[in-house]
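Structural overview
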Amino acid sequence: MTDSSDLSFNADDELPRISTGSEGLDDILGGGLDANRMYLYEGSPGAGKTTIAMQFLLEGVRQGERVLYVTLSETKQELELVAKRHGWSLEGVDVFELVTPEDSLDPELELTVLHPAEMELSETTQQVFDRVTQTNPTRVIFDSLSEMRLLAQSPLRYRRQVLALKHFFTTRRCTVILLDDQTSELGDLQQHSISHGVVMLEQLAIDYGAERRRLRVVKMRGIQFRGGYHDFVIRKGGLQIFPRLIASEHHSNYIGEAASCGNAALDTMLGGGLERGTNALFVGAAGVGKSSLALSFAVAACKRGEQVSFFVFDENIGTLMARGRSLGLDVEPWVKQGLLHLQQVDPAELSPGEFTAAVRRGVEEQGSRLVILDSLNGYLHAMPDGRFLILQMHELLSYLGQKGVISIMVLAQHGLVGPMDTPIDISYLSDAVIMLRYFEHAGIVRRALSVVKKRSGRHENTVREYRLSASGVQVGPPLSHFSGILSGTPEYTGDATQLLTDEHDNAH
């Protein structure tokens, strides 16, 4: 069943959108809601409907509008407590309680808390109409439809009452948001067809770590919105929504010059360094030096005066800084200067959407020219559903590329020696792949690296030994007598004079 009320107020089509009170939701909707329409926010209890509804009304108060919160399910005291914990004041918000404790104690009144079915539904809606006529608000929240559904006792009567609400509000210049906690039978989409737009909020319990919340715009008539799921969190101050990243929306012009890694030999291997707008994958066994190599790139960028965002998943920041000092890569001065931004990431607590938002903040607000993810293994563990990791990473890398940012991803392979197993194959997304390996010669474990792929420009195809020492990353001359590098069991059969000396200086 459809209705014709959407044809009313054609003049409103040219009116500017109104804010939902949430910057993230406004972004998803491309500017906010159409005014003077009825919308539906639905979700299970605890999903965040009341909080985002309050944000909508408080935005109206900030704009100098009259606003009304009609509540059948919560008392004014409960709403004030929620507002207080978010640092808000309900001053300027007209809270209209249709069910109050005083009413429940008065036997003369039909309005009761204990037996809501005894209350005439038409009287409920009439009370709402009277209050709206009396206060003439421009924004109204109706919380919630589940109580109205109980009062109606039949789907037909319930639908008629919701339609009566809608037709009443179409005669007034008023934007209405209905809240529903999805207690209706599965597949009941009556409110969806009646509402101008529908926003669904979900709370997901994963096997380990904090619960995840996400939002989806189910429909929005006449508005081009960003579809799909968008992660959000509830923090003091309201919902923080992280719109799904679409890389094609963020193209910017940049010069694709090569940036040095600070090591002449490694620059030679890379054909001059890493180009702006490209990404590199450092892959190898645990402890082989991937993070240290990434840290050397970060220090080189800081020395050029560039901003760097370094996201640490697998170790704490203190350990990383201590290791840097032992390698002659003291990052503390760069952190103090505000050039190097080290951010600890807890995979159990951070949703993929919030992590993407942190990367965007580093690029757009801090001006980062180099982004390092250490490591993808930690990012993989942050995903509740690993099937979409590749898609999300593809979008993130495309975004960074379009911004002219160099991105470095560290990926630890399973195992130390022998054939290596990679937890996720992301090499096809990478513009450059640097492989790091252990190898043995004359009873000493050494390290070798090779650039196995580079899309932009030429690169060296050789294998070189490298060492982590107190003076940083040392890279030796090309070694020609190598075999078994790609199989995971490298063996050097050449002259020992080609190898790096002073092995005792090696920092393990």
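Remember, it's a predicted structure, so these values are computed and weren't measured experimentally.

**Considering unusual backbone geometry**
Only a minority of non-glycine residues have a phi that is not negative, and only a minority of peptide bonds are not trans. The peptide bond linking D143 to S144 adopts the cis configuration, its omega dihedral lying at 5 degrees. Tracing the backbone through its elements, the reader meets S144 in the loop between β4 (139–143) and α6 (145–152). The step from D374 to S375 runs through a cis peptide bond, and the omega angle for that step is 15 degrees. As for its position among the elements, S375 is in the loop between β15 (368–374) and α14 (376–381).

**Quick look at the nonpolar core**
In terms of nonpolar packing, the biggest core is built from 47 residues, with L266, F282, F297, F310, L340 and L370 touching the most fellow members. In terms of residues, this core owes the most to one element, helix α10 (residues 290–303), which gives eight residues. Excluding residues within four positions of it along the chain, F310 makes contact with A294, L295, A298, L320, L340, H341, L342, Q343, I372 and D374. Residues I28, Y41, V95 and L215 belong to the second largest nonpolar core, which totals 35 residues.

**Some thoughts on the pattern of salt bridges**
Tallying each qualifying case throughout the model produces 21 salt bridges. One network of salt bridges, in which partners are shared, links E257, R276, R304 and E306.

**Some remarks on the packing of aromatic side chains**
In this structure the tally under the stated criterion is five aromatic pairs. With centroids separated by 4.2 Å and ring planes inclined at 25 degrees, the aromatic side chains of F129 and F168 adopt a geometry described as stacked. Note that F129 is positioned in helix α5 (residues 121–135) and F168 in helix α7 (residues 155–170), a separation of 39 residues in sequence. Pair check on accessibility: F129 and F168 agree, each one buried. Both rings, one in F313 and one in F355, keep their centres 5.3 Å apart while their planes meet at 65 degrees; by these two values the pair is edge-to-face. In this pair, F313 sits in the loop between β13 (307–312) and α11 (317–326) while F355 sits in helix α13 (residues 352–364), placing the two residues 42 residues apart along the sequence. Like F313, the residue F355 is buried in the burial classification. Counting every residue linked through ring pairs, the aromatic cluster contains F129, F168 and F169. Directly above the ring of Y229 sits R214, whose terminal nitrogen or CZ lies 3.5 Å from the centroid.

**Side note on the pairing of strand β5 (residues 175–180)**
Burial analysis of β5 places six of its six residues in the buried class, the great majority of the element. The alternating pattern of β5 places T175, I177 and L179 on one face and V176, L178 and D180 on the opposite face, and all of these are buried. In terms of strand pairing, strand β1 (residues 38–43) meets β5 through five bridges, oriented parallel. Pairing of M38 across the sheet is with V176, part of β5. In this structure, β4 lies alongside β5, joined through five bridges in parallel fashion. Bridged to V140 within β5 is V176.

**Some details on the sheet that holds strand β9 (residues 238–242)**
Strand pairing in a sheet takes place through backbone hydrogen bonds and is either antiparallel or parallel in direction. Across the sheet, nine strands lie side by side as β3-β2-β4-β5-β1-β6-β7-β8-β9; this open sheet has mixed pairing. Since the sheet does not close on itself, it has two edges, and those belong to β3 (93–97) and β9, each with one partner. Between one strand axis and the next, the sheet turns through 25 degrees on average, direction left out of account. Against the sheet, helix α3 (residues 76–85) contacts β2 (67–71) and β3, and its axis sits at roughly 145 degrees relative to β3.

**Points about the pairing of β2**
Taken across its five residues, β2 has five buried, putting it largely inside the fold. Sheet analysis places β2 next to β3, joined by five bridges and oriented parallel. Within β3, the position partnered with Y69 by the bridge is V95. Crossover connection from β2 via α3 to parallel β3: handedness right-handed. Pairing of β2 with β4, which is carried by five bridges, proceeds in the parallel orientation. Along β4, the bridge assignment pairs L68 with V140.

**Concerning α13**
Its 13 residues give α13 an end-to-end C-alpha distance of 18 Å, which sits within 8% of 18 Å, the value for a rise of 1.5 Å per residue. Within α13, 11 of the 13 residues are buried, which leaves the element mostly enclosed by the surrounding structure. Those residues of α13 lying buried are P352, G353, E354, F355, T356, A357, A358, V359, R360, G362 and V363.

**Concerning the packing of α6 against α7**
Describing two packed helices takes the angle between their axes plus the distance from one axis to the other. Relative to each other, α6 and α7 sit at 130 degrees, their axes nearing to 8 Å. As judged from the angle between their axes, α6 and α7 are oblique. Of the two possible hands of crossing, α6 and α7 adopt the one that is right-handed. Facing α6, whose interface residues are L145, M148, R149, L151 and A152, α7 presents R157, Y158, Q161, V162 and L165. Counted by class, the contact of α6 with α7 contains seven nonpolar, one polar and two charged residues.

Conventions adopted
Residues numbered from 1 in each chain as written. Predicted model: local features only at pLDDT ≥ 70, side-chain atom pairs only at ≥ 80, totals over all residues. Heavy atoms only, no water. Helix = DSSP H or I, 4+ residues; strand = E, 2+ residues; numbered from the N terminus. Core = buried A, V, L, I, M, F, W, Y, C linked by side-chain atoms within 4.5 Å. Buried < 20%, exposed > 50% of the residue type's maximum accessible area, 1.4 Å probe, protein only. Contact = heavy atoms within 4.5 Å. Salt bridge = Lys/Arg side-chain N within 4 Å of Asp/Glu carboxyl O. Phe/Tyr/Trp six-rings, centres within 6.5 Å; stacked < 30°, edge-to-face > 60°. Lys NZ or Arg CZ within 6 Å of the ring centre and 35° of its normal. Pairing = 2+ DSSP bridges. Axes fitted to C-alpha atoms, helices over the stretch in contact; angles between N-to-C directions. Right-handed = clockwise from strand over helix to strand, strands pointing away. Expected span 1.5 Å × (residues − 1). Parallel < 35°, antiparallel > 145°, perpendicular 65-115°, else oblique. Left-handed = near helix turned anticlockwise from the far one by under 90°. Nonpolar A, V, L, I, M, F, W, Y, C, P; charged D, E, K, R; others polar.

By themselves, these are just geometric observations and shouldn't be taken as functional.
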